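Listed here are the chains, written in short residue letters.
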Amino acid sequence: MMKNTEVLLVSAIHKDLFFSQAPRRRALGDLGIRYIAAYLNKNGVQTDILPSYTYTTEALFNYLQSHSRVKAIGFSMHTISAEKSLCDVKAVKERFPQIKIWLGGFLPTFGWRFLLDTDCPFDYIMRGDGEIASLILCKKIIAGEEDIAMDGLISKSDPETHRDSFCPVADIETLPFPYFCEGDKVQKVGEYMVSASRGCYGRCTFCSIPAFNSCRRERSVQSVAAEVKYLETNFGASFIDFVDDSFLGATQWEERAAEFAVISEQMDERLPYRISLRANNITDSVLANLKIAGLKAVQLGVESFSPRQLKLYNKGVTVERALEAIRTLEKNEVYVQCGLILFEPTTTLEDLIANAHILMDESWAVVKSNSQILFCAEGTALGERLKATGGELLVDGYLNYRWTYRDERVGLVRRVVIEFEKGLGGYSDILVDAITPPSLLAAKDYKELRRLQNLYQRLSFAVLDAVCKAVVTEDRPEAIHATLKRNFGRQFAEIIAEANQILERN
Ligand code: B12
Ligand code: SF4
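Residues numbered from 1 in each chain as written. Chains lettered and ligands numbered in written order. Predicted model: local features only at pLDDT ≥ 70, side-chain atom pairs only at ≥ 80, totals over all residues.

So what's going on with the sheet that holds strand β13 (residues 295–303)? Which residues, and what values?
Strand order in this open sheet of seven strands is β2-β8-β11-β12-β13-β14-β15, and the pairing throughout is parallel. Two strands bound the open sheet, and with one partner strand each, they are β2 (27–28) and β15 (366–367). Note that β13 and strand β14 (residues 335–340) share six bridges and pair parallel. Looking across to β14, one finds that Val298 is bridged to Val336. (Pairing = 2+ DSSP bridges. Helix = DSSP H or I, 4+ residues; strand = E, 2+ residues; numbered from the N terminus.)

Right, dumping it as structure tokens:
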């Protein structure tokens with residue numbers, strides 16, 4: 001049955017952009033627009049969505065042609081989808097000038113100044129949680145109001161008002177489950193995203209979550225378990241990807257983990273799942289309880305094993321605590337993928353070598369990337385510091401700040417490491433990402449693959465170590481590459497060949 005859609009929410013991350021980052025992953029995401037759609041529908045505004053897996057400009061126009069009552073479109077924007085979204089907003093306004101368009105999500109929350117400076121003819125920008133403010137806005141649009149001014153909304157025609165206001169949802173327990181559209185019912189992705197909390201108690205200086213996302217708010221364990229059951233029963237979910245920045249909070253976290261165990265047993269609900277945790281929440285008893293409920297893998301934002309960088313990032317975790325967390329995960333056989341941000345303006349060769357040495361020895365953690373640079377949005381603590389020291393925002397750099405390395409050899413190290421890995425044929429993506437897809441987690445060869453991931457990783461940190469030592473006396477990348485190829489080429493080729501065989505079998 002066709003919906004009498006009044007409001008359409010779209011996530012213009014084209015599937016090629018989204019899935020190409022992780023070719024083996026197919027998780028149903030777009031929780032932001034799904035939550036807003038559920039809230040609007042519950043409150044009487046007929047709302048539908050075009051999720052990212054289905055989004056194309058053509059799909060959007062087809063939708064608008066067959067749903068003539070659409071009065072407003074909300075674009076959810078990431079920086080990776082900014083260009084496409086702005087282009088499509090323009091195209092919609094040319095053909096359907098009467099439709100009001102507002103932008104929200106990750107990028108509009110921090111990059112609103114950049115958006116206002118474009119010539120894109122959108123009507124409004126909304127920062128932060130979208131549910132409450134979107135309901136008020138859409139009701140006004142449907143009632144025919146023009147030039148709307150309200151909390152949580154920056155109007156293109158009057159950008160100075162309300163630019164610092166947000167409408168956070170204080171009690172996220174009151175929100176309905178995320179909305180699913182017609183197309184979702186035929187998707188057989190298996191993996192579904194669920195949000196059990198919003199915000200984070202961490203205060204990391206580079207992170208947009210504490211800067212924009214209000215304080216940490218939790219749903220009850222009962223409600224989360226009920227959503228998991230609903231996804232399993234109605235959509236055949238077989239794996240849950242919790243999107244929480246930190247699955248556990250700063251208080252009562254051991255109790256919450258225990259409650260997950262009890263409730264999952266009571267409801268006989270034990271779908272395998274993956275979460276993000278801060279190192280300080282990782283203990284034997286927490287893991288034992290979360291495992292009863294189905295925990296398989298943890299994403300751990302270590303950021304660095306250099307005490308100096310941990311202090312700069314205000315991580316609130318020592319090197320020793322991070323290592324203890326990894327060992328505890330190993331003891332409990334919970335897989336871990338660590339996030340590192342090694343490259344920032346003040347990185348020293350010593351920082352890099354300290355990280356390389358730890359990770360050359362570490363046999364359990366898999367690291368997402370050994371060349372990740374610092375990204376910090378305008379409005380985050382570190383972003384403001386970079387701005388104060390003359391950094392400018394890079395439009396073609398996802399609105400990151402332009403910064404230079406204090407020690408230019410650090411920049412050379414990164415270039416050489418990236419080029420060397422590229423020369424291996426993009427295998428780091430395939431091998432490292434292989435930790436996350438549930439299809440592989442369940443595979444009988446997974447332990448073998450995991451062993452190869454670790455070998456690959458330890459070798460890539462040996463490369464990092466070697467490059468850091470080489471740049472002290474050599475500044476020609478070609479010369480360093482030649483040595484790397486000689487010393488490491490054959491070992492990489494063997495790991496890749498073996499991993500390829502396993503990936504083909506699974
Ligand atoms: C899923 C996800 C993605 C997916 C999104 C696609 C999808 N189809 O779902 C993909 C894979 C594309 C992605 C990519 C990246 N991500 Co990401 N991602 C997430 C994650 C885990 C969950 C998002 C989510 O569903 N949240 C739950 C919903 C309810 O919240 P929400 O999306 O923010 O939506 C609310 C508001 O933003 C707003 N809203 C959203 N859309 C709209 C639309 C309108 C019209 C309105 C009005 C409001 C609105 O209202 C919603 C409800 O209140 C978050 C972490 C998090 N917990 O948010 C990280 C997160 C946003 N990602 C992050 C990062 C770093 C990235 C990458 C840069 C990673 C990388 N190195 O490649 C890339 C690139 C992103 C970019 N620069 O464009 C970081 C940002 C950190 C920072 N520096 O501040 C986060 C915070 C994770 C973290 N803690 O590190 N990501
Ligand atoms: S722990 Fe993660 S989500 Fe929380 S503030 Fe730090 S980086 Fe952000």
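Next, the rest of the story.
Tell me about the sheet that holds strand β7 (residues 153–155), and please be specific about residues and values.
Sheet architecture is open: six strands sit in the order β3-β1-β4-β5-β6-β7, paired in mixed fashion. Only two strands of the sheet have a single neighbouring strand rather than two, namely β3 (47–50) and β7. Between one strand axis and the next, the sheet turns through 25 degrees on average, direction left out of account. As paired strands, strand β4 (residues 72–76) and strand β5 (residues 100–104) are joined by five bridges and run parallel to one another. In the sheet register, Ile73 faces β5, and the bridge partner there is Ile101. Here helix α2 (residues 31–42) sits on the sheet in contact with β1 (7–11), β3 and β4, set at roughly 165 degrees to β3. (Axes fitted to C-alpha atoms, helices over the stretch in contact; angles between N-to-C directions. Contact = placed C-beta atoms within 7 Å.)

Describe the packing of helix α19 (residues 446–470) against helix α20 (residues 477–505), and please don't skip the residues or the numbers.
Packing of α19 against α20 leaves a shortest axis separation of 10 Å and a crossing angle of 170 degrees. Compared by their axis directions, α19 and α20 come out roughly antiparallel. Across from Glu448, Leu449, Leu452, Leu455, Tyr456, Leu459, Val463, Ala466, Val467 and Ala470 in α19, the residues of α20 making contact are Ile480, Thr483, Leu484, Asn487, Phe488, Gln491, Phe492, Ile495, Glu498, Ala499 and Ile502. Each residue belonging to the contact of α19 with α20 can be placed in one class, and the counts come to 16 nonpolar, three polar and two charged. (Parallel < 35°, antiparallel > 145°, perpendicular 65-115°, else oblique. Nonpolar A, V, L, I, M, F, W, Y, C, P; charged D, E, K, R; others polar.)

Could you give an account of the site of ligand 1, with specific residues and numbers?
What surrounds ligand 1 is a group of 38 residues, the closest being Gly29, Gly32, Gly74, Gly104 and Gly130. It is α2 that contributes the most residues to the shell around ligand 1, five residues altogether. Partitioning the shell around ligand 1 into residue classes produces 19 nonpolar, 14 polar and five charged. Per-domain counts for the shell around ligand 1 show at least three residues from each of domain 1 (7–155) and domain 2 (205–374 + 407–505). (Near = placed C-beta within 6 Å. Domains from an automatic or database assignment.)

Go over α2, please, and point to the residues and values.
End to end, α2 covers 16 Å across 12 residues, agreeing with the expected 16 Å (1.5 Å per residue, within 8%). Buried residues along α2 sit in contact with β1, β3, β4 and α7 (131–142). (Expected span 1.5 Å × (residues − 1).)

Provide a residue-level description of the nonpolar core, including the pertinent values.
Of all hydrophobic cores here, the largest spans 86 residues; its most connected members are Ile240, Val336, Val413 and Val467. Each of domain 1 (7–155) and domain 2 (205–374 + 407–505) gives at least three residues to this core. The next biggest cluster of nonpolar side chains, apart from the first, holds 48 residues, and it includes Leu8, Ile33, Ala37 and Tyr179. (Core = buried A, V, L, I, M, F, W, Y, C linked by C-beta atoms within 7 Å. Buried ≥ 20, exposed ≤ 12 C-beta atoms within 10 Å, placed from the backbone.)

Can you tell me about the environment of Glu269, naming the residues and giving the values?
Its location among the elements puts Glu269 in the loop between α10 (253–267) and β12 (273–277). Classification of Glu269 by C-beta neighbours within 10 Å gives partly exposed; the count is 17. Expressed as a C-alpha distance, the spacing of Glu269 and Ile240, which sit 29 residues apart in the sequence, is 12 Å. With near-sequence residues (within four places) excluded, Glu269 lies in contact with Ala225, Val228, Lys229 and Ser264.

I'd love a proper account of the environment of Asn43, names of residues and values included.
Relative to the helices and strands, Asn43 is located in the loop between α2 and β3. Linking Asn43 and Ile101, residues 58 residues apart in sequence, is a C-alpha distance of 20 Å.

Pulling in residues and values, what's your account of the domain arrangement of the protein?
Domain boundaries in the protein define domain 1 (7–155) and domain 2 (205–374 + 407–505). Between domain 1 and domain 2, the C-alpha centre-to-centre distance is 32 Å.

Hey, could you go over the pairing of β3 for me, with residue numbers and the actual values?
Walk down a regular strand and you will see the side chains alternate between the two sheet faces. Burial along β3 is two-sided: Thr47 and Ile49 facing one way and Asp48 and Leu50 facing the other are all buried. Pairing of β1 with β3, which is carried by four bridges, proceeds in the parallel orientation. Across the sheet, the residue bridging to Leu9 is Ile49, located in β3.

An account of unusual backbone geometry is needed here, citing residue identities and associated values.
Positive phi values are uncommon outside glycine, yet Gln252 reaches one of about 55 degrees. Within the secondary structure, Gln252 is located in the loop between β11 (239–242) and α10. Using a count of 12 C-beta atoms within 10 Å as the deciding quantity, one classes Gln252 as exposed. The phi dihedral of Asn314 is positive, around 50 degrees, even though this residue is not glycine. Within the secondary structure, Asn314 sits in the loop between α12 (307–312) and α13 (319–331). The exposure class of Asn314 is partly exposed, given the 15 C-beta atoms found within 10 Å.

Lay out the confidence of the model for the protein in plain terms, naming residues and giving numbers.
Scored by pLDDT, the protein comes out at a mean of 90, with 92% of its residues at no less than 70. Below a pLDDT of 50 lies the segment residues 19–23, which in the model reaches one contact outside its immediate sequence neighbourhood of four places, other chains included. (pLDDT = per-residue confidence, 0-100.)

Can you tell me about α20, naming the residues and giving the values?
Taken as a whole, α20 carries its principal kink of about 55 degrees at Phe488. Three or more residues of α20 are buried, namely Ile480, Leu484, Phe492, Ile495 and Ala499. (Bend = angle between axes of the 7 residues up to and from the residue.)

How would you sum up the packing of helix α9 (residues 221–235) against α10? Please name residues and give values.
The N-to-C vectors of α9 and α10 enclose an angle of 45 degrees; their axes lie 10 Å apart at closest approach. Judged by the inter-axis angle, α9 sits oblique to α10. Between α9 and α10 lies a crossing of right-handed hand. For the pair α9 and α10, the contacting residues are Val221, Gln222, Ala225 and Lys229 in the first and Arg256, Glu259, Phe260, Ile263, Ser264 and Met267 in the second. (Left-handed = near helix turned anticlockwise from the far one by under 90°.)

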